[in-house]
Amino acid sequence: MEQSKPSTLEMERSSGGAKFKMPVDSDHKATEFWLFSFAKPHMRAFHLSWFSFFCCFVSSFAAPPLLPVIRDNLSLTATDIGNAGIASVSGAVFARLAMGTACDLVGPRLASATLILITTPAVYCSAIINSATGFLLVRFFTGFSLASFVSTQFWMSSMFSPPKVGRANGFAGGWGNLGGGATQLIMPLVYELIKKIGSTHFIAWRIAFFIPGVMQTGSAIALLLFGQDMPDGNYKQLHKSGTKHKDDFASVFKHAVSNYRGWITALTYGYCFGVELTIDNIIAQYFYDRFSVNISKAGTIAASFGLANIISRPGGGFLSDYLSQKFGMRGRLWGLWVVQTLGGVFCLTLGRTNSLGASIVVLLLFSFFCQAACGLTFGVVPFISRRSLGLISGMTGGGGNVGAVLTQLIFFHNSKYSTEDGIFYMGIMIIACTLPVTLIHFPQWGGILRGPISGRTAENYYQSEWSHHEQQKGYDTASIRFAENSVREGGPRATGSSHSKHTVPVDTSPANV
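The chain goes by High-affinity nitrate transporter 2.2 in an unreviewed UniProt entry, where it is assigned to Rhynchospora pubera. Here is the UniProt Subcellular location (unreviewed entry) comment for the chain, exactly as written: "Endomembrane system". Under the UniProt heading Sequence similarities (unreviewed entry), the entry covering the chain gives this text: "Belongs to the major facilitator superfamily. Nitrate/nitrite porter (TC 2.A.1.8) family."

What follows is the structure, encoded as structure tokens:
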């Protein structure tokens, strides 16, 4: 005989004995964000996720700051360099889709660690290449590691409650993206240090690649040893105990590809994160060639773009949560559209700025708005789907890589456009491809152009991903709890409080964690 579906409150009571170091909602997701805490499992997952993604970014973009030396050693042409740059971000398009599905099925911890370990050999092989083809291949396979971004965002969305998910995703993604700036500093410094020890410059750049290789290997091992998929445990044990329904690929795929909102965020993310990837590939060489600065100074300027992530992407996440508190989901969407459009304006301005000092200032402004838009995007993504959260995250993240590939193919692949003209036209593309954000509409919360549909609720929206039979078995319980904890997304009229209505007591305070 079929069992009746347990209510959310019954589920909460049955797990009421669980204690966490942080306050949590009915889904055991943290309702606070203690940035400098390592509280298990929420903040430990945060630090493991951003650091592993940081290491992948360092590896994937270790080559660009050393290009003036590498191109001389390997006799690379401008086309060779352009092809390798495209290869570095193209592989991750499909890898991110696969990563999203893997997160839905086996959990973010195992999915991320496996990918990182598989791609690590390509980083070490960078030290032994001797041709343009070898250079392209190592950049292609190393770039697969950027799919760890998807597991980072999925993990944060699984660990933090709706009112805090924007800042959690913003910090995890932003601090991970810092690797794109850090590598612009790390690689030239390591290269110069190795030269001073006595190596020739054609050997020094090769030895330097062992640093990102070791970093990436260590981060994967840490994920396996110390990570945890969900607040209540790893996927394997949750599936075994029956606490979590083991979903099938067909259902996850169906509900992801049929949700138009995921396709729009994939497009718009292609022109914030995709642009960031493009800049990481071209900006050091751009300043080196256009303003005749030395390789170290060009690397420092380029690093400023990536290092802005320490505040810009988290700032976008904070802004998304703040706008949600004031205006609900419609505030999140308005914020995304305005900030990303301003990023496009600063991008095209950079392409028309002719002095070194002014270009650096505009670059910093551009970096802030471009990266903040990334944070704002993943303030919206967790609400698109619960059943297919991983694949929706993968579609959006993959869209970032598609945008990078297309932009580099169109504007930076050959001599048709100068680099400064390419940057200008890229700014126009950002503005145009951000417009579809205005089409995103949640029936229960509304969108930019119109408000919510009367009588529609978040429970209706998320339950629609489950069949009646699945609902009867209680498979949609987590989706219902998420809907209850997302009440703030309806705006100030929907609730008089910005806090989750479910909270489990904590056993310690931030000061003691």
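A. Looking closely at the confidence of the model for the chain. In the predicted model, the chain carries a mean pLDDT of 86, and 92% of its residues have values of at least 70. Confidence, expressed as mean pLDDT per element, reaches its minimum in the chain at helix H1 (residues 8-14) with 36 and its maximum at helix H17 (residues 329-350) with 96. Counting contacts from residues 1-17, a segment whose pLDDT is below 50, to residues more than four positions away or on other chains yields 21 contacts. Counted against residues more than four places away or in other chains, residues 496-513, with its pLDDT under 50, gives 42 contacts.

B. Structural detail: helix H5 (residues 108-125). In this model H5 runs 27 Å from its N-terminal to its C-terminal C-alpha over 18 residues, within 8% of the 26 Å that 1.5 Å per residue would give. Where H5 bends most, at Thr-119, the angle is about 30°, and the proline Pro-121 comes one to four residues later. Buried within H5 we find Pro-108, Arg-109, Ala-111, Ser-112, Ala-113, Leu-115, Ile-116, Thr-119, Thr-120, Ala-122 and Val-123. Residues of H5 that are buried in the fold lie against helix H2 (42-60), helix H4 (78-106), helix H6 (132-143), helix H7 (148-159), helix H10 (210-226) and helix H11 (235-241).

C. Summary view of unusual backbone geometry. Each neighbour pair has its own omega, and for Lys-40 with Pro-41 the value is 5°, a cis peptide bond. Checked against the element boundaries, Pro-41 lands in the loop between H1 and H2. The backbone of His-28 shows a phi angle near 65°, a positive value even though the residue is not glycine. By secondary structure assignment, the location of His-28 is in the loop between H1 and H2. When its relative accessible area of 3% is taken as the criterion, His-28 is described as buried.

Calculation notes
Residues numbered from 1 in each chain as written. Predicted model: local features only at pLDDT ≥ 70, side-chain atom pairs only at ≥ 80, totals over all residues. Heavy atoms only, no water. UniProt positions renumbered as here; feature names shortened; annotations may be inferred. pLDDT = per-residue confidence, 0-100. Helix = DSSP H or I, 4+ residues; strand = E, 2+ residues; numbered from the N terminus. Contact = heavy atoms within 4.5 Å. Expected span 1.5 Å × (residues − 1). Bend = angle between axes of the 7 residues up to and from the residue. Buried < 20%, exposed > 50% of the residue type's maximum accessible area, 1.4 Å probe, protein only.

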